[in-house]
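The primary structure of each chain is shown beneath.
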Amino acid sequence: MAVAAGPRDCMQASQIQTTIKPEVEDTGKVRDIKVSVIIPTMNEPAISKVVNETRQALKHYITEIIVVDKSTDDTPKKARKAGARVITQEQIGYGNAYLLGFRHICPDAEIVVMMDGDYTYDPYEIPLLIDPIVDGYADIVLGNRFGHMEEGAMNARNRMGNGLITGTINMLYKLKLRDSQSGFRAMSRTALDMMEITSEGMPFASEMIIDARKKSIRISEVPIRYRQRVGVPKLKAYKDGSLILGLVIRMVRDYNPLTIFLPIGGLLMLGGVLAWAFVVQEWLQTGIITRFASVVGGTMLFLAGLQIVFFGLLADIILVALRSRR
C-alpha cells in the first residue's frame with residue numbers, strides 16, 4: 001500500500017536526520033533501524049513539543065518525522081523548525097492524511113509509527129510500540145489508552161462509543177483488543193505494504209485492523225498513557241462513530257459474508273420451524289389443521305432463511321476463490 005518517497009524527498013529527509021541520527025552513549029543501545037513517524041496536524045499548539053520529544057525518544061534509532069499538515073495557523077512553521085518534514089494535505093480526512101504520509105516515507109524505513117500532534121500521546125512511549133516489532137513478536141502494535149488514562153482525557157460518550165466499536169470488531173473478527181480506535185500505533189514496513197486501506201476518514205483506523213486480521217498480520221497491544229489534549233478536538237463522535245460501524249459491517253460483508261448471512265438465515269429458519277411446531281402440535285392433539293397462516297408463514301420464513309444461508313455460502317466460496325487467484 002505504501003508508496004516510497006522520491007529521491008529528492010529522501011535526500012531532504014537525510015539532511016534533517018543529521019540531528020536525529022543516534023549517537024553512541026555509554027548506557028544506550030544504538031539500533032541501526034530506520035523509523036518513520038507520521039503525525040497528521042490541523043492547528044496543533046503543541047506540535048513543537050511533540051516533534052522534539054519524538055526525536056529525543058528515538059535518539060537510538062535513525063529517524064524521520066513527517067508532519068502531514070492542514071492547518072491555518074503556524075503549525076507547519078513550528079514543525080519544520082523542530083526538524084520535521086512537512087507535507088501539505090490538500091484534501092480532508094484523518095485517513096487521507098495517513099495515506100498521504102505513507103506515500104512519502106523513504107524506501108529504507110523499516111518501522112512506521114502513527115501518532116497525533118495534540119500531545120495526548122507520550123512520545124517517550126514510542127519504544128514500547130517498536131520493541132515487539134523489532135523483537136519479532138508482532139507486526140502491528142496498538143497503544144491501549146485505557147492502560148494509563150488520565151482523568152478527563154476521554155469523556156463518557158467517547159468511552160462508550162469506543163467500547164461498542166471495539167467489542168463489535170472483536171466479536172466479528174475474533175480479536176481480543178481493548179482499544180481498537182487508538183491513534184498511537186506502530187507497524188513493520190512489510191505489514192504496511194501488505195495492507196490495502198482506502199478509507200480517508202476516521203474509519204481508517206478500524207479498516208487497518210480488519211484488513212490486517214484478514215491477512216493474518218500479527219496484532220498486539222501495549223498499555224500507554226493518554227493525556228488531555230492540547231488544542232481543539234477534531235473527532236465528531238456521532239458522525240464518525242456511525243461511519244466506523246458502517247465500515248465494520250461492510251468489511252464483514254466483503255471479507256466474511258457468512259458472519260452476517262448465517263445468523264440471519266438461521267434465525268429465519270428457526271422462526272419457520274417454530275411456526276410449524278404449533279401446527280404439528282394442533283394436528284397431533286385434534287387431528288385437524290386450522291392454522292393455515294402458520295403453515296404458509298413458517299414455510300416462507302424457512303425458505304427465506306435457507307436462501308440467505310445459500311447466498312452466504314456462495315459469496316464465501318467466490319471470495320475464497322478470488323483471494324486464491326490473487
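About the cut-offs
- Residues numbered from 1 in each chain as written.
- Predicted model: local features only at pLDDT ≥ 70, side-chain atom pairs only at ≥ 80, totals over all residues.
- Heavy atoms only, no water.
- pLDDT = per-residue confidence, 0-100.
- Helix = DSSP H or I, 4+ residues; strand = E, 2+ residues; numbered from the N terminus.
- Contact = heavy atoms within 4.5 Å.
- Salt bridge = Lys/Arg side-chain N within 4 Å of Asp/Glu carboxyl O.
- Buried < 20%, exposed > 50% of the residue type's maximum accessible area, 1.4 Å probe, protein only.
- Core = buried A, V, L, I, M, F, W, Y, C linked by side-chain atoms within 4.5 Å.

Do not read the fine detail of predicted coordinates wherever pLDDT is low. Summing up the model confidence of the protein chain, the mean pLDDT is 82 and the portion of residues at 70 or higher is 80%. Across the protein chain, strand β4 (residues 111-114) holds the top mean pLDDT of 97, while helix α1 (residues 7-16) sits lowest at 51. For residues 14-27, every residue scores under 50 in pLDDT, and the model assigns this stretch 28 contacts once sequence neighbours within four places are set aside.

Bringing the pattern of salt bridges into the picture now. As enumerated under the stated definition, the model contains ten salt bridges in all. With its nearest N and O atoms 2.8 Å apart, the salt bridge here joins Asp211 to Lys215. The exposure class assigned to Lys215 is partly exposed, which follows from its relative accessible area of 22%. The network of salt bridges with common partners includes Asp122, Glu150 and Arg225.

All right, on to the nonpolar core then. Ranked by internal contacts, the top residues of the largest apolar core, which has 35 residues, are Val35 and Val113. For this core, the elements supplying multiple residues, two or more each, are β1 (34-41), α2 (47-57), β2 (62-69), α3 (75-82), β4, α5 (126-134), β5 (140-149) and β7 (219-226). For this core, the element with the highest residue contribution is α5, accounting for four residues. Counting residues in hydrophobic clusters, the runner-up holds 32 residues, among them Ile105, Leu177, Met195 and Ile209.

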